[in-house]
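Descriptive structure summary
What follows is the residue order along each chain.
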Amino acid sequence: MSITPAEVADKAPGLTIDGEVVTTSTVNSVINPATGEVFISVPDAGVEHLETAVAAARRAAPSWRELGIAARQEIVLRVVEVIRANIDELAMLVTLEQGKPLAKAAGEIDSGLRGLTRYASTDIPVEIYRDNNDEFIEIRREPVGVVGAITAWNYPLLLALWKIGPALVTGNTIILKPSPLTPVATLRLGELLQQVLPAGVLQVLSGGDDLGRAMTAHPGINKITFTGSERAGKSIMSGAGPTLKRLTLELGGNDAGIVLDDVDVAAMANDLYWAALSNCGAVCAGLKRLYVPAHLASEIEEALAEVAKTVKVGNGLDEGVDMGPIQNLAQLQKVRGYVDDAAACGADVYFRGEIPDGPGYFHPVTLVRGVDDTVPLVKEEQFGPVLPILTYTDIDDVVARANDSDLGLGSSVWSTDEGRAVGVANRLESGTTWVNQHPVLTSDVPFGGIKQSGLGVEQSIHGILEYTNFRVLRVKR
Ligand code: NAD
């Protein structure tokens, strides 16, 4: 470990506004979920900081836009270099504030960097739509102006980079607000990126939900790109109404996975387990309800328990840990409540893994069977290390049960027969349906939810273009 937890916790990052590091008179404490104790305090930005940030972003916007895409993409590649050079420190901060194992924190950042590198080489097309004796028509994409980016606590830096990359490449300036539960690595990112970004291009403000609401209402911000809960997404959609902001909303999911009866249980069990339970179950498009053929249920349940037994839960800083704590106490209590409630309704909690003794927001890996679709553990997005396993006997019935949700982020089908799996996959209502995997996201493929899982997409040229407006030039000849 080239940097120690004490070293990173010793230098609290500030806000970044107009290229400067800014401190505030009030601060927020950030808890390390592996210990349950405060490890650092960070600035708490108020309305006055938002005003300064918006003014700086607006001032910086014209020259950033006029630089042109090639120059901006060069700078984005320098952003990648700066982050790479500081990945140990940033990963350590993610582990301290989020709880995930250090290698997975580094993996999260690495995945974000792969996205930035791709955005830095994606061309934004200019279309000459008509060029004849009567008319010349050119259709271009132009930046929306100032983007407000608001992120959640499950992947603090990955979510931030997924927004920073496309916003910068397309010529926007940004105000980024991380979750108040995991603000530290994002604030430090803001400081580091001032080495390569012109002042005012990226501001980072830490603060609570009120700051997010103020960003949503602010007339100087042209678009909100948001990753978080369905509840906050709906509030943002109504808050953005008076200023008619552009919106991209990546919200929650309650993804169903359907195992078909031809499956090779032994070959699939490990992938199925991690589809549901990576990142301590806090993955928006993780598998959250598993439907299995009734006659294969015991075999699948046992195979999942065998994988679960190998998973080491502990402090993400410790060697060999596969899963950290739940990120915050409220979420831990919520997840416990879902399991207790399911048990009270007659569910069989047939596997509970081990957790470390002592403090920290640890929850055992928990496998639950004998539940029906009506219990909150199945009906709602539980976002914890718990997997309810449900049985079916009829494929039409299970498709209807999988689709019986207001959410539609992802879904999956598991089978040895690709054609058959695709047939079922095409009947599922979600933004993405995977076959024999879940969730796999890459920056070249659009990702977004249908129904109440969101609006618009991130990733790929389609996600990048959400940071632009159409601009049509129409010349009469
Ligand atoms: P959250 O909605 O409580 O908070 C997310 C962010 O929104 C935070 O920065 C918060 O301060 C801010 N916020 C809260 N209320 C707001 C409001 N009314 N106006 C403006 N900003 C507001 O979510 P969370 O608990 O941090 O994250 C968990 C949720 O995020 C889960 O539902 C999960 O599925 C979802 N999520 C979705 C994706 C995706 O890509 N679809 C990815 C990760 C997480």
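Residues numbered from 1 in each chain as written. Predicted model: local features only at pLDDT ≥ 70, side-chain atom pairs only at ≥ 80, totals over all residues. Heavy atoms only, no water.

Here we come to the overall build of the protein chain. Summing up its helical and strand segments, the protein chain has 16 helices and 22 strands in all. For the C-alpha atoms alone, the extent of the protein chain along its principal axes is close to 70 × 65 × 40 Å. When the 477 residues of the protein chain are sorted by exposure, 57% land in the buried category. For the protein chain, the proportion of contacts with a sequence separation of at least 24, taken over those separated by at least 6, is 73%. Summed over its atoms, the accessible surface of the protein chain is roughly 18900 Å², and 51% of this surface lies on carbon and sulfur atoms. Taken together, the 40 basic and 60 acidic charged side chains of the protein chain have centroids lying 8 Å from each other. (Helix = DSSP H or I, 4+ residues; strand = E, 2+ residues; numbered from the N terminus. Buried < 20%, exposed > 50% of the residue type's maximum accessible area, 1.4 Å probe, protein only. Contact = heavy atoms within 4.5 Å. Areas by Shrake-Rupley, 256 points an atom, 1.4 Å probe, with all protein chains shown as cover. Lys, Arg positive; Asp, Glu negative; His and termini not counted. Charge placed at Lys NZ, Arg CZ, Asp CG, Glu CD.)

In the region of the ligand, 30 residues are neighbours, and Asp209, Ser229, Ser235, Leu251 and Glu381 sit closest. Contacts to the ligand include Leu251, whose backbone N or O atom sits 2.6 Å from a nitrogen atom. Contact with the protein chains hides 94% of the accessible area of the ligand, taken as 850 Å² for the molecule alone. Elements represented by at least two residues in the shell around the ligand include exactly helix H8 (209-217), strand E10 (223-227) and helix H9 (230-239). (Near = heavy atom within 4 Å. Polar contact = N/O pair within 3.5 Å; in protein donor to acceptor, adjacent residues only side chain to side chain.)

Hydrogen bonds between backbone groups are what pair the strands of a sheet, and the pairing can be parallel or antiparallel. The strand order across the open sheet formed by seven strands is E14-E15-E16-E13-E12-E18-E19, and the pairing between neighbours is mixed. In the strand order of this sheet, the two ends are held by strand E14 (348-352) and strand E19 (432-435), each with one partner. In this sheet, neighbouring strand axes are inclined to one another by 20° on average, regardless of whether the strands run parallel or antiparallel. Bridging between strand E13 (residues 287-293) and strand E16 (residues 386-392) involves four bridges; their strand directions are parallel. Within the sheet, the bridge partner assigned to Leu290 lies in E16 and is Ile389. Across the sheet, helix H12 (residues 329-344) touches E14, strand E15 (366-369) and E16, and the angle it forms with E14 is around 135°. (Pairing = 2+ DSSP bridges. Axes fitted to C-alpha atoms, helices over the stretch in contact; angles between N-to-C directions.)

A few words now on the sheet that holds strand E6 (residues 135-143). The three strands lie next to each other as E5-E6-E22, forming an open sheet whose pairing is antiparallel. On the outer flanks of this sheet lie strand E5 (127-131) and strand E22 (468-476), each paired with one strand and no other. Ignoring strand direction, the axes of neighbouring strands in this sheet form an average angle of 20°. Here E5 pairs with E6 via four bridges, running antiparallel. Within E6, the position partnered with Ile128 by the bridge is Glu138.

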